[in-house]
Amino acid sequence: MAQDNIVVGVDIGSTKITVVAAQGTSTGSRFDNIEILGFSEVLVPEGAVINGSVENIMQVGDAIREALHEASSRSDLDIGVVNVSFSGSHVRVSAQSDGVIRPTSSTGDEVTQKDVDQLVDDMYRAKTEANYDVLHVLPMEFVVDSSMGVRQPVGRTGIKLGGHFLIVSANNQSIQRTKKSLLEADSHLKFDKMIYAPLATSLAVLDEGEMKAGIAMVDIGDHTTDLVIYYDGIIRHIASFPIAGRHITADLRTGCGIQLGNAEKLKKEHGVAISADVPLNIEVLVNFLAGRAPKQVLKKNVALIIEERLKEIAAMVYAEILKSGYEENLIGGIVLTGGTANIPEIEILFEKVTNMPVRVGLPERLAHTAKADAVSNTSYSTAIGLAWAGIKSIDPRIKSICKPPVNLSAPLREPITQTKPKELKKVPKDDGSFWDRIIGRKDDSIGDY
C-alpha cells in the first residue's frame, strides 16, 4: 500500500501496547479527519512496564513486535517509522522563562519564524535534574521588548524576544529503555517523534474549539491520572497524580476479599461511579479461587468502593485546576478519558465534585469505517493521538514541540559534551498550601507539576 501521509502510533502503556496506523484525509490543505488503516492491542507481562516506564526491555520489545505485526497484517503496511509515547512518574514538568537579544535586529526589524525557532531550540539546554533530558518545549506566551503576553510574535517589531515555557523532561535511563525496547522489537525500526502520552491523548479527544475556549483533559489510566489544561488554544498547565484505575481495583480486591484479576473483572463488568441508585439486594457471584464456591459480593458495596476512590481522584484534579489559576477560563469544563473513564456515570460524579461541565472523551474526527468503530474507545485514544501528531502540529507557532529525533540504530549513549546547561529563570509557583489543605501533603515522587 502507498504510504503517503500515513503515520503509525505506538502507545506503551502500563498494561498493554496499543498500535494505530492511520492516514490523514484532507479538504484542500487541511487535514480534517484520519482514516484508521490498522490497529492492535497486546498485553504486556505484569511488571514489564511500571507507572508507564519500561522496566523489562525484552518483554516490552516482544509485545511491540507482536502489536506491530498484527497492525501491519490488518493494514497491508510495512511499518518502519513510528511515533511513540512516553509517560510515568519520572516525568517532570516545570515553568521557565528565557529571552534573547536578536543579533541582526534593529528598531524596525520584524521578528521572524527563525528567531522564534531558535529561542525554542535554546530551551532544550534548560537546566534540569541530573540524568534528565528535556523532551518537550511548550511555549505559553512570548515577550517582544516591553509587550507581554504575546501569543504570536512573528511579524512584530522589537529587539528583545523572550518567552514563558512549560518544559517537559524525563529520566534519560527510562527513555533509553523505551528506545531499546523498540530496537528489540525491530532493529530497523525508526521513530519520528517521542511524545508525552497526555499530550498525544489530547489531540485525539479534544477539538480545536474546546482548546480555544478552555478545557481540562483528564486521562485516568492504570497507574497515573494526567491533567492537561488548554486555554486560547495553548497548553497552559500539566500535572500527574499517582492514583488511577489500578488503585480502584486494589480497593475492590481488599474490600471484597478476592484476587486482583477478579477485582478488575468486577470493576469492568459491574462497576458504577454513583452508588445511590444501586439496590441493596443485588449480589454478584465471583469465582475467586479454583475448587471454592463462588463468593457473593453485593453490587452496592462494589459501587461504594469505586465511588469513594473516584471522589478522591476528582478532588485531586479539581484542587490542581484551582492551583493552576485557570478555573474561570475553562468554559469547556473537563473531558475524561482513559480506561477508567469507561465506568458508567463517572461524568456525573466528577460534575458533583468539581461543579464543572464534564463529558467522556472518545477519539474524534475518525473517517467512518469498520476499523474506526473498533478503535472508537478510550483504550486507543493515545495511539490515535500519536497518529494525529504526525499529521498536525500540537503548537503551530513553532516547528515542533519535540526534541529532534535520533536514529535508533545509532549508539544510545549520549556523547559527553562540555556545554553547560542554560541557567533559566523559573516562573514563580505557589507554595502548595492550598493543595495541602484540600488533599494533604504533596507526593514529591511525581515531580513538579
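Source: prediction; values computed, not measured. (Residues numbered from 1 in each chain as written. Predicted model: local features only at pLDDT ≥ 70, side-chain atom pairs only at ≥ 80, totals over all residues. Heavy atoms only, no water.)

1. Let's talk about the packing of helix α6 (residues 245-256) against helix α8 (residues 299-324)
Then, number 1: Viewed as axis vectors pointing N to C, α6 and α8 meet at an angle of 140°, and their least axial separation amounts to 10 Å. If you check the angle between α6 and α8, you find them oblique. Seen along the crossing, α6 lies across α8 with a hand that is right-handed. Contacts from His247, Ile248, Asp251, Leu252, Gly255 and Cys256 of α6 reach α8 at Val302, Ile305, Ile306, Arg309 and Leu310.
Then, number 2: When its residues are assigned to classes, the contact of α6 with α8 shows 7 nonpolar, 2 polar and 2 charged. (Axes fitted to C-alpha atoms, helices over the stretch in contact; angles between N-to-C directions. Helix = DSSP H or I, 4+ residues; strand = E, 2+ residues; numbered from the N terminus. Parallel < 35°, antiparallel > 145°, perpendicular 65-115°, else oblique. Left-handed = near helix turned anticlockwise from the far one by under 90°. Contact = heavy atoms within 4.5 Å. Nonpolar A, V, L, I, M, F, W, Y, C, P; charged D, E, K, R; others polar.)

2. Focus: the nonpolar core
Then, number 1: Membership of the largest hydrophobic core comes to 91 residues, with the highest contact counts inside it found for Ile17, Ile36, Leu199 and Ile384.
Then, number 2: It is strand β8 (residues 132-144) that contributes the most residues to this core, 7 residues altogether.
Then, number 3: Ignoring sequence-local partners within four residues, the contact set of isoleucine 17 consists of Val10, Asp11, Ile12, Ser40, Glu41, Val42, Val44, Val60, Ala63, Ile64 and Ala67. (Core = buried A, V, L, I, M, F, W, Y, C linked by side-chain atoms within 4.5 Å. Buried < 20%, exposed > 50% of the residue type's maximum accessible area, 1.4 Å probe, protein only.)

3. Examining the environment of valine 82
Then, number 1: Looking at the element boundaries, valine 82 is found in strand β6 (residues 81-86).
Then, number 2: Measuring from C-alpha to C-alpha, the distance between valine 82 and alanine 21 comes to 9.0 Å, with 61 residues separating the pair along the chain.

4. Points about the pattern of salt bridges
Then, number 1: This structure, assessed with the given rule, holds 20 salt bridges.
Then, number 2: For the salt bridge of arginine 65 with aspartate 62, the shortest nitrogen-to-oxygen distance reads 2.9 Å. Linking arginine 65 with aspartate 62, this pair stays in helix α1 (residues 57-75), spanning 3 residues, or about one helical turn.
Then, number 3: The closest approach of N and O atoms between glutamate 208 and lysine 392, which form a salt bridge, is 3.3 Å. You can see glutamate 208 sitting in helix α5 (residues 208-213) and its partner lysine 392 sitting in the loop between α11 (381-389) and β19 (425-426), a full 184 residues away along the chain.
Then, number 4: For glutamate 208, a relative accessible area of 42% gives the class partly exposed.
Then, number 5: Classification of lysine 392 as partly exposed rests on a relative accessible area of 22%.
Then, number 6: Each member of the salt-bridge network shares a partner with another, and the members are Glu46, Asp222 and Arg246. (Salt bridge = Lys/Arg side-chain N within 4 Å of Asp/Glu carboxyl O.)

5. Observations concerning the pairing of strand β14 (residues 234-241)
Strand residues, when the strand is regular, have side chains that alternate between the two faces of the sheet.
Then, number 1: Of all 8 residues that make up β14, 8 are buried, and the element is covered over most of its length.
Then, number 2: Direction of pairing for strand β13 (residues 225-231) relative to β14: antiparallel, over a ladder of 7 bridges. Opposite aspartate 226, over in β14, you have serine 240 as the bridge partner.
Then, number 3: In this structure, the hairpin formed by β13 and β14 is closed by a connection of 2 residues, where aspartate 232 is found at a positive phi of approximately 55°. (Pairing = 2+ DSSP bridges.)

6. Concerning helix α7 (residues 260-270)
Then, number 1: Buried residues of α7: Asn262, Ala263, Leu266 and Lys267, and no others. Down the axis of α7, the buried set is contained in an arc of 140°. They therefore lie on one face. Summarising the geometry of α7, the exposed residues directed more than 90 degrees from the buried face are Gly261, Lys265, Lys268 and Glu269. (Arc of directions from axis to C-beta.)

7. Here we look at the environment of alanine 239
Then, number 1: Within the secondary structure, alanine 239 sits in strand β14.
Then, number 2: Since its relative accessible area comes to 2%, alanine 239 is described here as buried.
Then, number 3: Considered as a pair, alanine 239 and threonine 225 are 14 residues apart in the sequence and their alpha carbons are 8.5 Å apart.

8. Topic: the sheet that holds strand β17 (residues 334-337)
Then, number 1: On the basis of which strands lie adjacent, the open sheet formed by 5 strands has the order β14-β13-β12-β17-β18 and mixed pairing. Edge strands, defined here as strands with exactly one partner in the open sheet, are β14 and β18 (358-360). Taken over all neighbouring pairs, the strand axes of this sheet differ in orientation by 20° on average, direction set aside.
Then, number 2: Taken strand by strand, helix α4 (residues 197-205) contacts β12 (215-220), β13, β14, β17 and β18, and its axis lies near 115° from that of β12.
Then, number 3: The strands that helix α9 (residues 346-354) touches are β12, β17 and β18; relative to β18, the one it contacts most, it runs at about 155°.

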